[in-house]
Amino acid sequence: MTRVSVIGAGAWGTALAVLAARAGCAATLWVRRPAHVAELTSAGTNTAYLPGIALDPAIRIESDLAAALAADAVIYAQPAQHFRAFCRNAAPHWRSGTALVIAAKGIECGTGALLNEIAGETLPSVPVAILSGPSFAADAARGLPTAVAIAGTESDLVDRLMAALAHGAFRPYGADDPVGVEVAGAVKNVLAIACGIVLGRGLGENARAALITRGLAEVTRLALAKGGRVETLMGLAGIGDLVLTCTSLKSRNTSLGFELGQGKPLAEILASRRSIAEGVSTAQAVVALAAAIGVEMPIAAAVDRILTDPSVIDDEVRGLLARPLKREI
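For clarity, every value in this text was computed on a predicted model and none was experimentally measured.

## Some thoughts on the sheet that holds strand β1 (residues 3–7)
Move 1: Read across the open sheet, the eight strands follow the order β5-β2-β1-β6-β7-β8-β9-β10; overall the sheet is mixed. Of all the strands in the sheet, the pair left with one neighbour each is β5 (60–62) and β10 (170–175). Going across the sheet, the axis of each strand differs from the next one's by a mean of 25°, ignoring polarity.
Move 2: Those strands touched by helix α8 (residues 178–200) are β8 (128–132) and β9 (146–151), and its axis lies near 40° from that of β8.

## Focus on the environment of F83
Move 1: Among the structural elements, F83 can be located in helix α4 (residues 83–90).
Move 2: With near-sequence residues (within four places) excluded, F83 lies in contact with Y76, L100, I102, L115, I118 and A119.

## Observations concerning the pairing of β1
Move 1: Within β1, four of the five residues are buried, which leaves the element mostly enclosed by the surrounding structure.
Move 2: Here β1 pairs with strand β2 (residues 26–30) via five bridges, running parallel. If you follow S5 over to β2, its bridge partner there is T28.
Move 3: Taken together, the four bridges between β1 and strand β6 (residues 73–76) define a ladder with parallel strand orientation. What sits directly across from V6, in β6, is I75.

## Here's the deal with the packing of α8 against helix α10 (residues 236–246)
Move 1: In contact at an axis separation of 9 Å, α8 and α10 are set at 25° when each is read in the N-to-C sense. Between α8 and α10, the crossing angle belongs to the class labelled roughly parallel. Handedness of the α8/α10 crossing: right-handed. On α10, the residues touching V181, A184, G185, K188, N189, L191, A192 and C195 of α8 are A237, G238, D241, L242, T245 and C246.

## Focus: helix α11 (residues 252–261)
Move 1: Counting buried positions over the ten residues of α11 gives eight, a clear majority of the element.
Move 2: Here α11 has its buried residues at N253, T254, S255, L256, G257, E259, L260 and G261.
Move 3: Each element contacted by the buried residues of α11 is listed here: α8, α10, α12 (266–271), α13 (279–293), α14 (298–308) and α15 (313–321).

## Brief notes about the packing of aromatic side chains
Move 1: Inspection of the entire model under this criterion finds four aromatic pairs.
Move 2: Plain terms: the ring middles of Y76 and F83 are 4.9 Å apart, the flat faces sit at 70° to each other, and that makes the pair edge-to-face. With respect to class, Y76 is no different from F83; both count as buried.
Move 3: Residues Y76 and F86 carry aromatic rings whose centres are separated by 5.1 Å and whose planes lie at 40° to one another, so their mutual orientation is tilted. Placement of the pair is Y76 in strand β6 and F86 in helix α4, with a sequence separation of ten residues. You'll find Y76 and F86 in the same group, each marked buried.
Move 4: Lying across the ring of Y49, R274 places its NZ or CZ 5.2 Å from the centre.

Rules of the game
Residues numbered from 1 in each chain as written. Predicted model: local features only at pLDDT ≥ 70, side-chain atom pairs only at ≥ 80, totals over all residues. Heavy atoms only, no water. Pairing = 2+ DSSP bridges. Helix = DSSP H or I, 4+ residues; strand = E, 2+ residues; numbered from the N terminus. Axes fitted to C-alpha atoms, helices over the stretch in contact; angles between N-to-C directions. Contact = heavy atoms within 4.5 Å. Buried < 20%, exposed > 50% of the residue type's maximum accessible area, 1.4 Å probe, protein only. Parallel < 35°, antiparallel > 145°, perpendicular 65-115°, else oblique. Left-handed = near helix turned anticlockwise from the far one by under 90°. Phe/Tyr/Trp six-rings, centres within 6.5 Å; stacked < 30°, edge-to-face > 60°. Lys NZ or Arg CZ within 6 Å of the ring centre and 35° of its normal.

Coordinates in, geometry out; function isn't part of it.
Here it is in structure tokens:
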């Protein structure tokens, strides 16, 4: 596996293309706008999304989707809500044997589908893996130690992806529970918004620690209900990603929650950002999915209501604290 294409030139997509090139792959970075090709090529960096990180001249910048799909592995790193459209557009050009690696984190609004489920519907013969874990794009691209999980049901595919992408301080670990890995990566963004709200509201570190812990219980219940395994939630894609995202204002979702907690309107927060906080759309999808399959997720539900009406933050906090006492285990 030597040819790797990355779909999406945001921070994470750009970082993955940089990492693939450093690992010795022939890397292609697909960008949505043709004009962006010239910008990235002339600047030698992605100033808008990953400033300060040099793009290896060997990375091919491409705006033609069919050309970008000519690879051994295609890594999808665009927003989760665009994934179904990508699959439909890519299907006529997909080459036999090319693997799809999903590096986006979210659940589809309206259907409650996981991204690997969408891939199964729209690209039924394509081998699929999930790449997730505690990985801020800038740190990974700077060469700082970063460990992620690559999960799939085909062991050989996982092994080949690990070998292709591992380099220096970037260390992939293999997993065989793509459902658990994907649920963990999606829901942690919703919980990160909750933790940001706690910080912005000045509710203290004890409250954040409680949210992370009880949030992990919610993620675990949903993952198990979808067919995932509890041990996956104790790994990089579970507790690892949850801790990183919920404890740093470098996280888009935590920083968004922080501004909400300080009283800033959601529309104003979103209008001031170029990057997407996946937890905003995922909150609604998570709550709908949980209700459909009978999983209790009070923290996620509170975040969803706050995103609809931030004025209810204090009421939601009181509601969570007033829930009936229960055994932890």
